[in-house]
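So the chains spell out like this:
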Amino acid sequence: MFRLAKYLKHYKIQSIFGPVFKLIEACFELAVPLIMADIIDTGIKNEDSSYILWRGGILVLLGVLGLTCSLTAQYFAAKASVGFGRELRTALFKHINTLSYTEIDKLGSHTLVTRMTSDINQAQTGVNMILRLFLRSPFIVLGSVIMAFTISVKLTLIFLIMSPALAYVIYKIMTATIPRFKKVQSTLDKTNLQTSENLTGTRVVRAFSRQKDEQAEFEKNAEQLRAMQITAGRISAIMNPATYVLVNLAIAAILWFGGKSVDTGSITQGEVIALLNYMNQILLALLAVTLLVTNITRMYACAGRINEVFDVHTSVSDEGSTDVADNRSAPSVEFRNVDFRYAGAGENVLEGISFTAQKGETVGIIGGTGSGKTSVINLIPRFYDATQGSVLVDGTDVKHYPFAQLRGKIGIVPQKAVLFKGTVRENMCWRDENASDEDIWNALEIAQAKDFIEQKQGQLDYLINQQGKNLSGGQRQRLTIARALVGNPEILILDDSASALDLVTDAALRKAIAEKTDGITVFIVSQRISSIKNADKIIVLDDGKIAGIGTHMQLYKTCSVYKEICLSQLSEKEVAQHG
């Protein structure tokens, strides 16, 4: 938890003033029993009503001052804790954005969402409680013991006997609840994962009529979460009655021995009442401690989970890199004997990959499912690092580029069309924030998206729903292609990005890219022979290795893997016609 304290650095004043005002309030509170004792032993004993009113006025004043200090402390504590939550949330989000695909895959998006929301909220609540109670409650306990010593050393021994017993109870409950709260948060991760999967895959769930099965599975997870929360809650709930029993036993002892001391004249009735008040103050302070301990145990568990994310460092970094000078004479992309293996995988998914793509070339990449097509193109923008070998862009190893410069050269269209809530214009400006409307319309025309956008109300101001839910699959794909073209990238990567397009639109798209994107190196990853047959160069992958490189007809004649793919989609006559 102490590692997260640095996120309070911009709220030092509030973090100091909050506890300070709570301590001032505690000082006022500690003075109350002495005044009460004075009223009993002097005012009531002597039947002096003016004295009683005078001392009563002081009590009222102390109450008002204490309330003012309490509200002020709460204001500063709330401001510091909310600021802490914002700083921590921002830092965690920034850190997550530095992680490569490898780390994101390993952690899982569902647990990152839980840690960004639930865990940070719990940590924020814990900070608020600490600033308000962490110093005040122990100060009240210690102050009450000291004030009791000034009244009766003998009776104060009861306080000293009770304190270690209370500390032991609190310690045992903390050690029992911390691991359980960690399990609660982990189970919450699973629940969030299932919720996310059901929301994103709702069409599949309903298509297979699996709603009842999913509901049953969710209920099982929810019941497991409920049981864990109840167990942790029951253990935490033991704290209040346990502390009450100990404190009330101490009060009974004070009344018993205090009464005898009054009879002998060694202590006054008012002083006995003062001791009882101090014991009640200790009780209330310890009740606050129990609430604080409960929150701290939860915060401790959540802080550990947050720190686990901070402890994960990216395996792909551009730290120390500087801008690379353009080399127009070098190939646009070059792979030199590249091997690649995903983290935790037992075998390479790519082995011995070597090829060059010259500037302005169109390169098709084809192969069976799991052959490594997407893995190849993910190495170009350095989403992953090659396990062995080198990937070069414009003659320079991609590891030497700053991310912004490398990825600024590349327009990427992923397999899954991802759009964000906002206008068409806002989505189109992701590559180039300063793109003009003319640039956007030109990209939309190449991507075969101009016609349907012109028909939308508002055109470029047409509002796209989250994930593009108000567009068809083909429309989303065309918009993601247009987005990649805005800003005139040097390299365009189309990763099976025309799967939702009909053959006519796909052909028109490829023709427009060839005619209107002068000098751009294009990589087309596809399962369709028709999508890559006219490429300047086709790379055939088979089980992570290159089975052949060449033109359509060269590969048909020399590469058995490519010929098999061709004949699975086209007749021999059609292949000859395409040739």
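Residues numbered from 1 in each chain as written. Predicted model: local features only at pLDDT ≥ 70, side-chain atom pairs only at ≥ 80, totals over all residues. Heavy atoms only, no water.

J.: An account of the packing of aromatic side chains is requested, with residue identities and associated values reported.
T.: We describe a pair of aromatic rings using the distance from one ring centre to the other and the angle between the two ring planes. Taken as a whole and assessed by the stated rule, the structure comprises 13 aromatic pairs. Their ring planes at 20° and their centres at 6.1 Å tell us that Tyr 7 and Phe 310 sit as a pair that is stacked. Taken as a pair, Tyr 7 in the segment before helix H1 (12-44) and Phe 310 in helix H10 (residues 269-310) lie far apart in primary sequence, 303 residues in all. With relative accessibility at 12%, the residue Phe 310 sits in the buried group. With 5.4 Å between their ring centres and 55° between their planes, Phe 340 and Tyr 384 make a pair best called tilted. (Phe/Tyr/Trp six-rings, centres within 6.5 Å; stacked < 30°, edge-to-face > 60°. Helix = DSSP H or I, 4+ residues; strand = E, 2+ residues; numbered from the N terminus. Buried < 20%, exposed > 50% of the residue type's maximum accessible area, 1.4 Å probe, protein only.)

J.: So, helix H14 (residues 437-446): which residues are in play, and what are the values?
T.: Where H14 is concerned, the buried positions are Ile 440, Trp 441, Ala 443, Leu 444 and Ile 446. Residues of H14 that are buried sit in contact with helix H13 (424-428), helix H15 (450-454), helix H16 (473-485) and helix H17 (503-516). Gln 448 lies just past H14 and shows a positive phi near 60°. (Contact = heavy atoms within 4.5 Å.)

J.: How would you summarise empty space enclosed by the protein if you had to cite specific residues and measurements?
T.: Per the counting criterion, the structure on display carries one cavity of 30 Å³ or more. When its volume is computed, the largest cavity comes out at roughly 60 Å³. Taken together, Leu 379, Tyr 384, Asp 385, Ala 386, Gly 389, Ser 390, Val 391, Asp 397, Val 398 and Lys 399 make up the full set of residues lining the largest cavity. For the lining of the largest cavity, the element with the most residues is strand S4 (residues 388-393), which contributes three residues. Looking at the lining of the largest cavity residue by residue, the class counts come to five nonpolar, two polar and three charged. (1 Å grid on protein atoms, 1.4 Å probe; cavity = no way out; pocket = protein on both sides within 12 Å on 5 of 7 lines; lining within 4 Å. Points joined across faces, edges and corners; volume = space filled by probe spheres on them. Nonpolar A, V, L, I, M, F, W, Y, C, P; charged D, E, K, R; others polar.)

J.: Before we move on, can you summarise a negative patch on the surface with the specific residues and values?
T.: A surface patch of like charges, here negative, comprises Glu 347, Asp 542, Asp 543 and Glu 564. Mapped onto the secondary structure, Glu 347 falls in the loop between strand S1 (333-340) and strand S2 (350-357). Overall, the relative accessible area of 64% leaves Glu 347 in the exposed class. (Patch = residues over 30% accessible without salt bridge, like charges linked within 9 Å, V, L, I, M, F, W, Y side chains within 5 Å. Areas by Shrake-Rupley, 256 points an atom, 1.4 Å probe, with all protein chains shown as cover. Salt bridge = Lys/Arg side-chain N within 4 Å of Asp/Glu carboxyl O. Lys, Arg positive; Asp, Glu negative; His and termini not counted. Charge placed at Lys NZ, Arg CZ, Asp CG, Glu CD.)

J.: So, the pairing of strand S9 (residues 491-495): which residues are in play, and what are the values?
T.: Among the five residues that make up S9, five are buried, leaving the element largely enclosed by the rest of the structure. Covered by surrounding structure in S9 are Ile 491, Ile 493 and Asp 495 together with Leu 492 and Leu 494, the residues of both alternating faces. Relative to S9, strand S6 (residues 410-413) is paired through four bridges, and the arrangement is parallel. Within S9, the residue paired with Val 413 across the bridge is Leu 494. Handedness of the S9-H17-strand S10 (residues 521-525) crossover: right-handed. (Pairing = 2+ DSSP bridges. Right-handed = clockwise from strand over helix to strand, strands pointing away.)

J.: Which residues make up the side chain of Gln 477, and what values go with them?
T.: By the secondary structure assignment, Gln 477 is in helix H16. Taking the relative accessible area as the measure of exposure, Gln 477 reaches 5% and is therefore buried. With sequence-adjacent residues up to four places away left out, Gln 477 is seen in contact with Gln 415, Ala 417, Asp 496, Ser 497, Ala 498, Ser 499, Ala 500 and Leu 501.

J.: Before we move on, could you go through the sheet that holds S10 and cite the residues and values that matter?
T.: Sheets are built from strands paired through backbone hydrogen bonds, the pairs being either parallel or antiparallel. Taking strand neighbours across the sheet as the criterion, the six strands line up as S6-S9-S10-S3-S11-S12 in an open arrangement whose pairing is mixed. Two strands close off the open sheet at either side, each with one partner strand: S6 and strand S12 (545-550). Strand-to-strand twist of the sheet, defined as the mean angle between neighbouring strand axes without regard to direction, takes the value 15°. On the sheet, helix H20 (residues 560-569) packs against strand S3 (362-367), strand S11 (537-542) and S12 and is oriented at approximately 95° with respect to S11. (Axes fitted to C-alpha atoms, helices over the stretch in contact; angles between N-to-C directions.)

J.: Describe the packing of H1 against H10, and please don't skip the residues or the numbers.
T.: Their axes nearest at 8 Å, the elements H1 and H10 cross at an angle of 160°. Judged on the interaxial angle alone, H10 and H1 are roughly antiparallel. For the element pair H1 and H10, the recorded crossing hand is right-handed. Judged by residue contacts, Glu 29, Leu 30, Pro 33, Leu 34, Met 36, Ala 37, Ile 40 and Asp 41 of H1 engage Gln 269, Gly 270, Glu 271, Ile 273, Ala 274, Asn 277, Tyr 278 and Gln 281 from H10. Among the residues making up the contact of H1 with H10, the classes are represented as nine nonpolar, four polar and three charged. (Parallel < 35°, antiparallel > 145°, perpendicular 65-115°, else oblique. Left-handed = near helix turned anticlockwise from the far one by under 90°.)

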